[in-house]
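# Chain and residue survey
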Amino acid sequence: MTRTLAQKVWDQHIIAHESDGPDLLHIDFHLIHEVSTPQAFDGLRLAGRKVRRPDLTLATEDHNVPTLNITAPIADPISRLQIEALRKNVEEFGIKIFKLGDAGQGIVHIIGPELGITQPGMTIVCGDSHTATHGAFGALAFGIGTSQVEHVLATQTLPQAKPKMMAVTVNGSLPHGVTAKDLVLNLIAHAGIGGGQGYIVEYRGQAIEELSMEGRMTVCNMSIEWGAKAGLIAPDQKTFDYLEGRKFAPQGDDWPLAVESWKALATDEGAVYDKEIILDASTMSPFVTWGTNPGQGVPLSGVVPSPNDFTDEGEQQAALKALAYMDLTAGEPMRDIEVDAVFIGSCTNGRLEDLRAAAAILEGRHIAANTRLLVVPGSVRVRLEAESEGLDKVFIAAGGEWRGAGCSMCLGMNPDQLAPGERCASTSNRNFEGRQGQGGRTHLVSPAVAAATAVMGRLAAPADLAR
Amino acid sequence: MEKFISHTGTAVPFRQSNVDTDQIIPSEYLKRITRNGFEDGLFAAWRTEENFVLNKEEYKGASILIAGPNFGIGSSREHAVWALQDYGFAVVISPSFADIFRGNAGNAGLVAIVVDHEAVEKLWDIVEDNPTTPVTVDLEARTVSAGEFIVTFQIDDHTRARLLEGQDEIALTLAHAKEIDAYESARPSWRPLIS
Ligand code: SF4
């Protein structure tokens, strides 16, 4: 029988199958962080249970951590308590942790791939909705809640009902200056934010194949933003080249065996998906959001839409509310929108390639007056690599701030927040009301658009600078 | 988890689609390490607006939330479910839920049920006309009723059975311990291990 990539990974992890219930799946790896775990560890203690496989579990500190003065005690007492709770829990249960200040610390979805832990054909979970990032390697990776974190800690398994399968085929090549972020924002606006609900999505086609591993991670990262359970991409030579030699990648004689098994994961010729979306990359352009969910986006060359542009009544209401919150007027050109802040970072666009793209634009330029620029590498490793290339100097010379690693202004659990009413061009993944700080307004953009926007002080693409 | 058979209470008409978890509970409330006490975080930003539906006197004490489609999109924070429960909600009704939210609700014992758009509209009208109307959610019969109006709802069989019996999912899984051992002993040697 022909099967899709996701179907194969699913089948390889079934421990028990009941005809009318969910499948019990084995979980190859469990990533944890401070926010979604304290209650799970309490649950284990309460029931007198152990962590079944500490050796298949890794902890990092990312959501709460400050990105300035990282050697000082964390100033916010509640954040500090949560970090301390994680440290105490992993010590009690024997789990490895990368703490603030360690060379391995960083955003959970950035460090997994960096360490070579994220490998094709694995099942990976984390109490975080952007876990699909790891799908870029052909892993079946998805976010879970705290009860499920406890379940995985106790059993290294999860009961899961099998979702439907969807293919997103992106034909053609992205035009010069159009990036993975633009591609996925385009897709979400096209499919709608509920469009992926109930599906595991496989991204494929020429434009996906042509993306770097980092670009593929950006696309898979945002699977949840249109409701998909997971998003994955068939592993290929780029995947293998990325992994080879990394700390936890297969070594020695294991390497050829692993690669052989990974190659067999690709979707079989003739396998059927429950649904397919087909897009043409060659028609895409830099894409930005105007509203308060990731599906409310338009090309940068476009204008703020009117609620009347939507046929669905719910969408009309949502647009009306979003325009009020964002303080925008229908018909306003996107390029006229002035910003107070630019944030470059997050698990969507906080990798070396993203920082290089932004630095290439900022080199020899200065950010606009009245605009601040925050550059936050996704991990300590990204920070050190960027510094070895001198990118930090470019950002600082341009008037930006260069920070330590973490989630930072993606969700404002640490001190990096927007003030009420402030407007930000952000390379993160969510523009929900108040996401970057209460009353803050977010426009989702690519790193290249973020950098050009910082220079112009209003939403802009690199091409606007040359003119 | 406590058993849930049926529940009767008053309901809040929440005429909004795509309600995201950052609205249900903003991130600043996620720093807490306890399992309860999240009621103050529920819709914290929206509750500062006088006209917000939860602030209306007639809906105080309601235990059923009737929301628009796509409820609970965004983050995986189970705190969103806990905040709804801590505030006093036992049931959320919507034409559709984000997958992670729906899963979290089932695990935490918040009953998340799906009825079609028309039925949601009807329920909104009923509880707006008369906010004291008792609404009954019968998990055994899979029905929601309000006054004369009665409609069948959807919930997956597995979650329904667990809620009805108040089962601990971890205990159910641990009954498969031998199969888990067998699976793990055959796991490829090159898969990552942290030592
Ligand atoms: S960077 Fe943002 S989206 Fe990614 S894990 Fe951190 S908070 Fe979540």
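The structure we're discussing is the one just above.
The following paragraphs examine the structure supplied in this document. None of these values were measured; they are calculated from a predicted model.

Rules used in this analysis
Residues numbered from 1 in each chain as written. Chains lettered and ligands numbered in written order. Predicted model: local features only at pLDDT ≥ 70, side-chain atom pairs only at ≥ 80, totals over all residues. Heavy atoms only, no water. Helix = DSSP H or I, 4+ residues; strand = E, 2+ residues; numbered from the N terminus. Rg over C-alpha atoms; globule rule 2.2 N^0.38 Å. Buried < 20%, exposed > 50% of the residue type's maximum accessible area, 1.4 Å probe, protein only. Contact = heavy atoms within 4.5 Å. Areas by Shrake-Rupley, 256 points an atom, 1.4 Å probe, with all protein chains shown as cover. Lys, Arg positive; Asp, Glu negative; His and termini not counted. Charge placed at Lys NZ, Arg CZ, Asp CG, Glu CD. Near = heavy atom within 4 Å. Nonpolar A, V, L, I, M, F, W, Y, C, P; charged D, E, K, R; others polar. Core = buried A, V, L, I, M, F, W, Y, C linked by side-chain atoms within 4.5 Å. Buried area = accessible area lost by both parts, 1.4 Å probe. Salt bridge = Lys/Arg side-chain N within 4 Å of Asp/Glu carboxyl O. Polar contact = N/O pair within 3.5 Å; in protein donor to acceptor, adjacent residues only side chain to side chain.

Looking now at the overall build of chain A. When helices and strands are tallied, chain A shows 17 helices and 19 strands. Taken over C-alpha atoms, the radius of gyration comes to 21 Å for chain A, in line with the 23 Å a tight globule of 467 residues would show. Dimensions of chain A, computed from the C-alpha atoms along their principal axes, are close to 60 × 55 × 45 Å. The 467 residues of chain A split such that 65% are buried. Considering only intrachain contacts with a sequence separation of at least 6, the fraction spanning at least 24 residues in chain A is 76%. Accessible surface computed for chain A: about 15,700 Å², of which carbon and sulfur atoms make up 50%. Between the averaged position of the 39 positive side-chain charges in chain A and that of its 56 negative side-chain charges there is a distance of 3 Å.

Taken together, the neighbourhood of the ligand is formed by His 63, Ile 107, His 109, Asp 128, His 130, Ser 346, Cys 347, Cys 407, Cys 410, Leu 411, Asn 429 and Arg 435 of chain A. Tallied by class, residues from the shell around the ligand come to five nonpolar, five polar and two charged.

Okay, the nonpolar core next. Residues Phe 14, Phe 43, Phe 71, Leu 84 and Phe 101 of chain B are the most contacted members of the largest nonpolar core, which totals 86 residues. Sorting elements by how many residues they give to this core places helix α16 (residues 447–456) of chain A first, with seven residues. Ranked by size, the runner-up nonpolar core spans 80 residues in total, among them Ile 97, Val 125, Trp 226 and Phe 287 of chain A.

The subject of this paragraph is the interface of chain A and chain B. Every contact between the two is made by 75 residues of chain A and, on the other side, 54 residues of chain B. Carbon and sulfur atoms supply 55% of the area buried between chain A and chain B, which totals about 5,200 Å² over both sides. For the pair chain A and chain B, the interface holds eight salt bridges. Here Asp 22 of chain B makes a salt bridge to Arg 435 of chain A, at a shortest N to O gap of 3.1 Å. On the surface where chain A and chain B come into contact, there are 31 residue pairs in polar contact (both at pLDDT 80 or more). Secondary-structure elements contributing two or more residues to the side of chain A that touches chain B are β1 (14–17), β2 (23–26), α2 (38–47), α3 (77–93), α5 (146–155), β8 (157–160), α10 (254–263) and α11 (313–326) of chain A. A per-element tally of the side of chain A that touches chain B places α5 of chain A first, with seven residues.

Residue and element names in this part refer to chain A. Mapped onto the secondary structure, Met 326 falls in helix α11. Sequence separation between Met 326 and Gly 440 is 114 residues; the distance between their C-alpha atoms is 8.6 Å. Among residues more than four places away in sequence, those in contact with Met 326 are Trp 290, Gly 291, Thr 292, Arg 423, Arg 441, Thr 442 and His 443.

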